[in-house]
Amino acid sequence: MGCPLRPVNSFALIKFKTFGMRSYSLIAPAKINLHLEILGDRSDGYHELAMVMQSIDLADHITLRSLDIDAIRVRCDSSEVPDDSNNLAYKAAALMFQQFPDVFAQYGGIEINIQKRIPVAAGLAGGSANAAAVLVGIDLIWQLGLTQAELQGLGAQLGSDVPFCVAGGTALATGRGEELSPLPDLDNLYVVLAKYRSLEVSTAWAYKTYRHLFSSSYISDPKGLEARAARVHSGPLVQAIARRNGAKIGQLLYNDLEKVVLPAHPQVAQLKNAFSSTNTLGTMMSGSGPTVFALAESRPQAEEIQEQVKKVIPDPDLGFWIAQLTTSGIRVTQ
Ligand code: C5P
């Protein structure tokens, strides 16, 4: 679907023809949360978090192309993804057009082509990764030369996970999830992901339900929040990451949102139990779910875990993916 923006003047069109068409292909990796702790409420309605985020090489492929008409066009090979202004990738392009109107007038619109590999509404930041790729790609097409921090600042206006998706790798994320401290690289582990294809969990619902049940335990003073985030930063999980100790990392996985999503969706709890009974380093729900992941030392171990769970839950609705942890965020391929 192409959504009209505003007319381009003739000077802009002449300029655009001078520049010619430009296109970029980008890889947009998914993320899992090795740690997701909800610390408290924020005045903006969001939650204060302390998370350890990790990129994996399960990735969407995004191609961006300048258009000689004044529009944002989204095409996606998955019918589950909206192709209109509800798509976060569309919103990322619209934000760039709004931020840089003169450059937009010079270069024209954008076509965004998404090859969807990351499951949708799964707790894997698929939409955020697409938005991050669009920011990086338009920066290149328009030759803006924005810094990573500037791209992340724009990303934070689109969603809490977008800044992490720009940089990727392994990072501590605090605040709303947009304040990032890089952690040592971790790419020696593999992950098996499983999700019921027909099940989607709303992130807003998960946080709202958590607030309803657990807000009495929230930390409210800024010093207490800072101290808790610092304890995660210097804590045993981050030490295990620095030592690339898969067994320890597996034991230390943590996600507060399991407390609301697992009781509401017993089949997700059953899936986690099935993973627990395998030879995995550890298993946890990612983000607000409903994807459950299990860590493994090697690809053969990941394949074995997948086969074991498939035997316990032989449900055709249950999708599986195997991925390696990766150190990279958005990557340009051509
Ligand atoms: O930032 P994003 O759009 O991904 O967040 C989706 C929803 O998750 C928000 O509308 C909010 O309800 C909830 N959320 C939250 N605290 C955060 C991040 C997200 O309450 N730090």
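Thresholds applied
- Residues numbered from 1 in each chain as written.
- Predicted model: local features only at pLDDT ≥ 70, side-chain atom pairs only at ≥ 80, totals over all residues.
- Heavy atoms only, no water.
- pLDDT = per-residue confidence, 0-100.
- Contact = heavy atoms within 4.5 Å.
- Salt bridge = Lys/Arg side-chain N within 4 Å of Asp/Glu carboxyl O.
- Buried < 20%, exposed > 50% of the residue type's maximum accessible area, 1.4 Å probe, protein only.
- Helix = DSSP H or I, 4+ residues; strand = E, 2+ residues; numbered from the N terminus.
- Near = heavy atom within 4 Å.
- Polar contact = N/O pair within 3.5 Å; in protein donor to acceptor, adjacent residues only side chain to side chain.
- Areas by Shrake-Rupley, 256 points an atom, 1.4 Å probe, with all protein chains shown as cover.
- 1 Å grid on protein atoms, 1.4 Å probe; cavity = no way out; pocket = protein on both sides within 12 Å on 5 of 7 lines; lining within 4 Å.
- Sits in = over half its atoms within 2 Å of the grid points.
- Nonpolar A, V, L, I, M, F, W, Y, C, P; charged D, E, K, R; others polar.
- Domains from an automatic or database assignment.
- Points joined across faces, edges and corners; volume = space filled by probe spheres on them.
- Expected span 1.5 Å × (residues − 1).

Notes on the confidence of the model for the protein
Across the protein, the average pLDDT comes to 93, with 94% of residues at or above 70. Segment residues 1–18 is flagged for pLDDT under 50; beyond a separation of four residues in sequence, or across chains, it makes 35 contacts in the model.

What to know about the pattern of salt bridges
One pass over the full model with this rule turns up 12 salt bridges. We note a salt bridge from Asp44 to Arg42, for which the minimum N-O separation is 3.1 Å. Given the relative accessible area of 39%, Asp44 is considered partly exposed. The network of salt bridges with shared partners includes Arg65, Arg73, Arg75 and Glu111.

Concerning the environment of Lys311
Within the secondary structure layout, Lys311 lies in helix H13 (residues 299–312). Residues Lys311 and Ala274 lie 37 residues apart in sequence; the distance between their C-alpha atoms is 9.6 Å.

Brief notes about the site of the ligand
Close to the ligand lie Tyr46, His47, Leu49, Gly159, Ser160, Arg176, Thr203, Ala204 and Tyr207, which account for all nearby residues. Within the contact set of the ligand, an oxygen atom lies 2.8 Å away from a side-chain nitrogen or oxygen of His47. Ser160 is positioned with one of its side-chain polar atoms (N or O) 2.6 Å from an oxygen atom of the ligand. Contact with the protein chains hides 75% of the accessible area of the ligand, taken as 450 Å² for the molecule alone. Among the detected pockets, the ligand sits in the largest pocket. Broken down by secondary-structure element, the contributors of at least two residues to the shell around the ligand are strand E3 (47–67) and helix H7 (203–214). When residues of the shell around the ligand are assigned to their parent elements, the largest contribution, three residues, is made by H7. A per-class count over the shell around the ligand returns four nonpolar, four polar and one charged. Of the residues that make up the shell around the ligand, three or more belong to each of domain 1 (2–186 + 328–332) and domain 2 (190–324).

Overview of the layout of surface pockets
One number sums up the size of the largest pocket: a volume of about 1100 Å³. Leu88, Ala125, Ser128, Asp161 and Thr203 are, among the 45 residues lining the largest pocket, the residues nearest its centre. Elements represented by at least two residues in the lining of the largest pocket include exactly strand E2 (23–41), E3, helix H2 (88–99), helix H4 (126–141) and H7. Here the residues of the lining of the largest pocket sort into 20 nonpolar, 17 polar and eight charged. Shared between two domains, the lining of the largest pocket takes at least three residues from each, and those domains are domain 1 (2–186 + 328–332) and domain 2 (190–324).

Some remarks on the side chain of Thr278
Along the chain, the position of Thr278 falls in the loop between helix H12 (266–276) and strand E10 (282–285). Exposure remark for Thr278: the relative accessible area of 11% places this residue in the buried category. Here Thr278 is in contact with Ile305, Gln308 and Val309, once residues within four sequence places are set aside.

Section: unusual backbone geometry
Cis geometry is adopted by the peptide bond preceding Pro290, which originates at Gly289 and carries an omega value of 5°. The backbone of Ala125 sits at a positive phi, close to 60°, despite the residue not being glycine. Within the fold, Ala125 resides in the loop between strand E5 (109–115) and H4. Look at Ala125 and you get buried, because its relative accessible area is 11%.

Quick look at H2
End to end, H2 covers 16 Å across 12 residues, agreeing with the expected 16 Å (1.5 Å per residue, within 8%). For H2, every residue scored as buried is listed here: Leu88, Ala89, Tyr90, Ala92, Ala93, Leu95, Met96 and Phe97. Two or three places before Ala89, at the start of H2, stands the capping residue Asn87, its side-chain oxygen 2.7 Å from that residue's backbone nitrogen.

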